[in-house]
Amino acid sequence: MEALISIVVGILTACGVYLSLRGRTFPVVLGLTLLSYAVNLFLFVMGRLTIGAPPIIRDGAGDYADPLPQALVLTAIVISFGMTAFVVILALRARAELGNDHVDGEESPR
Amino acid sequence: MNHLVIAPLLLPLLAGVALILLRGSAAPVRQALSGAATLALVGAALALLFRVSNGEVLVYQLGNWPAPFGIVLVADRLAAVMVLITALLAANVALVTARGADQAGRYFQVLFQLQLFGLNGAFLTGDLFNLFVFFEVLLIASYGLLLHGGGRDRTRAGLHYVVLNLIGSTLFLFAVGALYGQLGTLNMADLAQRLAELAPADLGLVRAAGLLLFVVFALKAALAPLHLWLPGAYGHTSAPVAAMFAIMTKVGAYAILRVYSLMFGPDSGPAAGLIDPWLLPLALLTVAIGTFGVLASQRLAQQAAYLVVVSAGTLLTAFGLGDGAAVAAGLYYLAHTTFAAAALFLLANILGKARGSVHDRLVAGPELPHGQLLAGAYLLVALAVSGLPPLSGFIGKWLILQSSLGSTWMPWVLGVLLVTSLLGVMALARSGSRLFFEIDPAASAGAAPCLGDLAAPLLLVLIGIAMVVYAGPLYEFSQAAAQQLVHPDAYVNAVLQAGGRVMTR
């Protein structure tokens with residue numbers, strides 16, 4: 001299970017890095033989204049993978065899931081969601097003001 | 001608990017919320033409210049500074065949750081002085097915005113206050129994830145401020161700035177997650193303690209996380225080669241925003257100082273001195289690259305932006321030297337360079353308006369209305385920025401050079417800083433002669449500058465002069481703050497004991 005999650009995080013990060021290095025704003029936005037998915041998953045498993053255990057410690061409860069990463073990942077999701085919305089609007093505005101969707105605002109000479 | 005610690009957060013937050021509610025009201029009402037909140041912030045910051053100046057570390061447990069479990073705000077000398085620098089800078093910028101620089105949109109003052117909220121939060125927090133959240137708060141506000149007013153160049157620079165910082169935020173989260181996974185805590189004092197007891201087998205991941213954090217903070221602090229976003233963003237945004245952003249690179253420098261003195265300092269066990277091989281060489285490289293930018297700049301605002309890069313490099317050189325004297329010199333220089341860079345941005349805007357169609361491009365322009373006055377103001381600001389006597393920049397640089405004398409890096413530090421200072425003086429002198437002496441009779445001047453506009457930059461220079469007059473006490477304070485950083489035990493104990501005391505109650 002741990003290996004599978006690590007591979008998923010790795011693939012998401014690699015795709016995110018590749019896409020955010022592209023020259024047009026749309027792939028860049030997608031790349032940022034994939035990066036934030038990767039980091040959310042990563043944060044989530046940082047409290048270790050626990051199955052079928054409550055996130056609350058009670059007297060006598062042996063096994064429990066770490067509740068803190070769940071709270072952290074919720075914060076991280078909200079922030080990355082808001083930032084994605086912002087960067088989409090900014091990319092649209094850049095497209096309108098600069099006349100193209102290249103990240104540098106001008107088509108590279110061929 | 002002392003509620004003074006949270007005042008610098010609550011004041012701008014509440015003012016920001018109130019300004020959202022008052023968005024339909026007349027501009028003077030909003031400006032007055034924002035200005036009053038900023039002045040109150042200066043008062044709160046001063047009170048906090050006097051409270052911690054005896055060396056006490058104030059710990060504020062949010063919601064009264066005991067320390068390693070709940071989030072804490074911590075005010076020591078360094079945090080308090082950073083809050084005060086921010087507040088003083090903000091008061092001067094508020095003076096400019098009250099003269100009409102905020103008219104391009106309704107939410108300028110809201111964003112301005114939320115920016116202050118994020119900045120003060122980042123300086124005061126004692127929790128690593130909370131630091132991330134406050135970084136996001138100040139970045140979100142800065143995105144809005146940077147783009148304020150719109151325009152092609154601003155949008156393009158803004159896109160780069162936003163995308164780079166989003167990637168920085170992602171790296172920050174990876175680092176925080178890895179540290180939590182290994183050490184099981186996010187409280188910085190607790191992290192410092194657990195790092196000292198770390199098993200050697202877990203060291204690799206913690207070192208990777210520590211270096212990832214360094215990349216994030218280096219991006220914020222504009223350390224080469226991660227400085228490339230800065231000249232475009234600062235050079236193309238509006239003048240009051242650029243002036244306010246003079247403190248933004250210092251947030252990165254502050255975070256480097258705080259995190260690495262606390263968690264990876266010389267006494268911190270197996271991971272000690274994690275960034276020592278990187279910080280000083282990269283800082284010197286930043287100074288050199290920034291100086292080339294200063295020499296090559298085509299516009300005064302762009303030149304000011306490259307001077308921010310140079311000052312970030314100089315500051316991190318001092319922090320990279322690492323001993324108490326160098327950090328103290330760096331702190332003095334930090335205060336000076338924040339005010340001086342802000343003054344230069346504000347002055348560049350005033351000059352640009354007076355020069356009409358050529359704006360602040362460094363070419364022959366029209367004969368300026370009030371030319372001698374403007375040239376005098378430029379001379380003062382340029383003296384401060386370039387670090388010539390008798391202004392505060394000279395003392396700051398001299399202290400840094402003096403503190404490097406015992407270091408093995410001494411020849412490099414002296415060589416790079418002295419040569420780049422000379423080149424910086426030459427570049428500013430050349431800009432001054434272009435701006436004021438080379439007259440193009442065909443160009444038409446802009447509107448005569450309103451003398452009130454000069455108040456804010458001159459006030460900033462005045463603060464610099466006050467820093468020269470009171471250099472002795474200020475340097476003593478910097479030394480005391482640096483001692484707190486070099487020996488972080490008091491900080492760690494204060495935070496963890498505050499937690500322990502509540503738990504046993």
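Please read these numbers as outputs of a predicted model, since none were measured by experiment. (Residues numbered from 1 in each chain as written. Chains lettered and ligands numbered in written order. Predicted model: local features only at pLDDT ≥ 70, side-chain atom pairs only at ≥ 80, totals over all residues.)

Draft legend 1. Structural context of the interface of chain B and chain A. Contacts between the two partners involve 19 residues from chain B and, on the opposite side, 24 residues from chain A. For the side of chain B that touches chain A, the secondary structure elements donating two or more residues are α5 (128-147) and α6 (152-183) of chain B. Counting residues per element, the side of chain B that touches chain A draws most heavily on α6(B), which supplies 15 residues. Residues of the side of chain B that touches chain A, tallied by class, amount to eleven nonpolar, five polar and three charged. (Contact = placed C-beta atoms within 7 Å. Helix = DSSP H or I, 4+ residues; strand = E, 2+ residues; numbered from the N terminus. Nonpolar A, V, L, I, M, F, W, Y, C, P; charged D, E, K, R; others polar.)

Draft legend 2. Representation of the pairing of strand β1 (residues 58-61) of chain B. Residues and elements named next belong to chain B. Burial along β1 is two-sided: Leu58 and Tyr60 and Val59 and Gln61, pointing in opposite directions, are all buried. Pairing between β1 and strand β2 (residues 72-75): four bridges, direction antiparallel. Bridge pairing in β2 links glutamine 61 to valine 72. (Buried ≥ 20, exposed ≤ 12 C-beta atoms within 10 Å, placed from the backbone. Pairing = 2+ DSSP bridges.)

Draft legend 3. Representation of the environment of A:Ala3 within the structure. All names here are of chain A. Mapped onto the elements, alanine 3 comes out in helix α1 (residues 2-20). Residue alanine 3 is classed as exposed on the basis of its 7 C-beta neighbours within 10 Å. Placed 90 residues apart in sequence, alanine 3 and arginine 93 show a C-alpha to C-alpha distance of 41 Å.

Draft legend 4. Here's a closer look at helix α4 (residues 108-124) of chain B. The terminal C-alpha atoms of α4(B), which comprises 17 residues, lie 24 Å apart, in line with the 24 Å expected from a rise of 1.5 Å per residue. Within α4(B), 17 of the 17 residues are buried, which leaves the element mostly enclosed by the surrounding structure. (Expected span 1.5 Å × (residues − 1).)

Draft legend 5. Spatial organisation of helix α18 (residues 455-469) of chain B. Residues and elements named next belong to chain B. Compared with the 21 Å implied by 1.5 Å per residue over 15 residues, the 20 Å span of α18 between its first and last C-alpha is a close match. Along α18, the residues that are buried comprise Ala456, Pro457, Leu460, Val461, Ile463, Gly464 and Met467. Burial along α18 is one-sided: seen end-on, the buried residues are contained in an arc of 145 degrees. Against α3 (77-101), α14 (324-354), α15 (371-386), α16 (392-403) and α19 (471-486) lie the buried residues of α18. (Arc of directions from axis to C-beta.)

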